[in-house]
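Each chain is listed here by its residues.
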Amino acid sequence: MKTFGIIGVSEGNGHPFSYGSIINGYSEAGLAASGWPGIHDYVRRRHASEFGIDGWSISHAWTQDPAMTARLCAACRIAHAAGDYREFLGAVDAVIIARDDHENHFAMARPFLEAGLPVFVDKPLSLDPAELRAFRPYLESGRLMSCSGMRYARELDEPRADLAPWGRLKLIRGAIVLSWEKYGVHLLEAILAVTPAHPVSVRMLPAAHVSAAVSLDDGVLVQIDALGESPRAFRVELFGSQRLSTVEITDNFSMFRRMLWQFAESIRTGRPAIPAARTLEIMRVLIAGRMARAENREVSLDEIQL
């Protein structure tokens, strides 16, 4: 049995409890007391056969709050609560950084990558071009994986497998809660896993919330609205010459399990789960969106060289 160490948490992000439950199974009492009732609710609805990633378990956990670490270990049957995440070195086979504060990702991932351990980093990987350049060789070698689980959303299986029924795509539109940087990336991952086209520029539309227009190299427009504080919204709409469709993405468990399976499979094969250029392209779109908003202009991805 190979082992993961898992690092958490960041504000509003319960991914360590989701990922830990999927990989290790969970304690009913521990997860109920974790402070994440939404995760407890959807996890408890799944069949026992859906838990576990073959050949892997989480053996070590660290968060910046020892009480939170204890709750995580109790909820997800993790044996070792580390006092410092560097204690994972020499004790685990791979590391999952399950927190979305991209400002801390490089510092947390670096010691493990330099030691030769495979690392998964929650989205977004980084919005710092220098850090992304440093990450690039690890992405290319398959030692580093970073994405949103929405790349593997079950609800998008049909268009991801075959876009032909939609005819000529004209517009892809998505709406999501909260911020462009932390949540717009969900929709970029979901949409750019459906189409092979590449983004070329980003501009911001006039709106009270962040509304980004991303032009693709095949002429399709992608519009992503990050609604800020809002009722739950994880929606993708496809507008084609032959078919229109609206997809509500709701199955967190399946997307997370697929993503974690893909990470384990990339470790087994030694091949990147996602082309490095695609991961970096998505980070460039996020950076371009930030620039477009700050400078009130359309920003070409060619301006952001990684």
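Residues numbered from 1 in each chain as written. Predicted model: local features only at pLDDT ≥ 70, side-chain atom pairs only at ≥ 80, totals over all residues. Heavy atoms only, no water.

Colleague: Teacher, can you tell me more about the sheet that holds strand 3 (residues 80-81) here?
Modeller: Each strand in a sheet pairs with another by means of backbone hydrogen bonds, the pair being arranged parallel or else antiparallel. Read across the open sheet, the six strands follow the order 3-2-1-4-5-6; overall the sheet is parallel. The sheet is open, and its two edges are formed by strand 3 and strand 6 (144-147), each paired on a single side. The pairing of strand 2 (residues 56-62) with strand 3 spans two bridges and is classified as parallel. Residue pairing across strands places Ala61 opposite Ala81, the latter belonging to strand 3. Where helix 5 (residues 105-114) meets the sheet, it contacts strand 1 (2-7), strand 2, strand 4 (94-97), strand 5 (119-122) and strand 6, and its direction lies at approximately 175 degrees from that of strand 5. (Pairing = 2+ DSSP bridges. Helix = DSSP H or I, 4+ residues; strand = E, 2+ residues; numbered from the N terminus. Contact = heavy atoms within 4.5 Å. Axes fitted to C-alpha atoms, helices over the stretch in contact; angles between N-to-C directions.)

Colleague: What should I look at first to understand the environment of Arg44 in this one?
Modeller: Within the element layout of this structure, Arg44 appears in the loop between helix 3 (37-43) and strand 2. For the pair Arg44 and Ala32, spaced twelve residues apart in sequence, the C-alpha separation works out to 9.9 Å. Every residue in contact with Arg44, bar those within four places of it in the chain, is listed here: Tyr26 and Glu28.

Colleague: Where do I start with the sheet that holds strand 7 (residues 169-176) in this structure?
Modeller: One open sheet accounts for seven strands, arranged 12-11-7-10-9-8-13; its pairing is mixed. The strands lining the two open edges of the sheet, one partner per strand, are strand 12 (244-248) and strand 13 (299-300). With six bridges joining them, strand 7 and strand 10 (residues 221-226) adopt parallel strand pairing. Considered in strand 10, the bridge of Gly174 is made with Ile224. The strands that helix 10 (residues 276-295) touches are strand 8 (199-204), strand 9 (210-216) and strand 13; relative to strand 8, the one it contacts most, it runs at about 25 degrees.

Colleague: What should I look at first to understand the packing of aromatic side chains in this one?
Modeller: Taken as a whole and assessed by the stated rule, the structure comprises eleven aromatic pairs. Judged by centre distance (5.7 Å) and plane angle (45 degrees), the ring pair of Tyr26 and Phe51 falls under tilted. Of this pair, Tyr26 sits in the loop between helix 1 (15-24) and helix 2 (28-32) while Phe51 is found in the loop between helix 3 and strand 2, placing the two residues 25 residues apart along the sequence. Classification of Tyr26 by relative accessible area gives buried; the value is 16%. Seen from their ring centres, Trp62 and Tyr85 are 5.2 Å apart, and the 70 degrees between their planes marks the pair as edge-to-face. Separated by 23 residues along the polypeptide, Trp62 in strand 2 and Tyr85 in the loop between strand 3 and strand 4 bring together distant segments of the chain. Here Trp62 matches Tyr85 in class, with each residue buried. Cluster of aromatic residues (ring-pair linked, three or more members): Phe4, Trp56, Phe120 and Phe263. Between the NZ or CZ atom of Lys123 and the centre of the ring of Tyr183, over which it lies, the distance is 4.8 Å. The positively charged end of Arg243 is found above the aromatic ring belonging to Trp166, 4.1 Å away from the centroid. (Phe/Tyr/Trp six-rings, centres within 6.5 Å; stacked < 30°, edge-to-face > 60°. Buried < 20%, exposed > 50% of the residue type's maximum accessible area, 1.4 Å probe, protein only. Lys NZ or Arg CZ within 6 Å of the ring centre and 35° of its normal.)

Colleague: Explanation requested: the pairing of strand 1 in the structure shown.
Modeller: In the case of a regular strand, side chains alternate between the two sheet surfaces. Across the six residues that make up strand 1, a large majority, five, are buried. By the bridge criterion, six bridges tie strand 1 to strand 2 in an arrangement that is parallel. The residue bridging Thr3 from the neighbouring strand is Ser57, located in strand 2. Across four bridges, strand 1 lies against strand 4 in parallel orientation. Looking across to strand 4, one finds that Ile6 is bridged to Ile96.

Colleague: How do you make sense of the packing of helix 6 (residues 129-141) against helix 10 when you look at a structure like this?
Modeller: Packed helices, taken two at a time, are described by the angle their axes make and the gap between the axes. Taken N-terminus to C-terminus, the directions of helix 6 and helix 10 make an angle of 165 degrees; their axes are 9 Å apart at the nearest point. Compared by their axis directions, helix 6 and helix 10 come out roughly antiparallel. Helix-helix and strand crossings are classified by hand; for helix 6 and helix 10 the assignment is right-handed. Taken together, the residues of helix 10 that come into contact with helix 6 (itself represented by Pro129, Leu132, Arg136, Leu139 and Glu140) are Ala276, Thr279, Leu280, Met283 and Ile287. Class assignment for the residues of the contact of helix 6 with helix 10 results in seven nonpolar, one polar and two charged. (Parallel < 35°, antiparallel > 145°, perpendicular 65-115°, else oblique. Left-handed = near helix turned anticlockwise from the far one by under 90°. Nonpolar A, V, L, I, M, F, W, Y, C, P; charged D, E, K, R; others polar.)

Colleague: It is not clear to me how the side chain of Arg151 should be interpreted in this structure. Could you clarify?
Modeller: Relative to the assigned elements, Arg151 resides in the loop between strand 6 and helix 7 (157-161). On the basis of relative accessibility, which here comes to 10%, the residue Arg151 falls in the buried class. In contact with Arg151, other than residues within four places in its own chain, are Arg160, Glu189, Ala190, Ala193, Ile274, Arg278 and Ile282.

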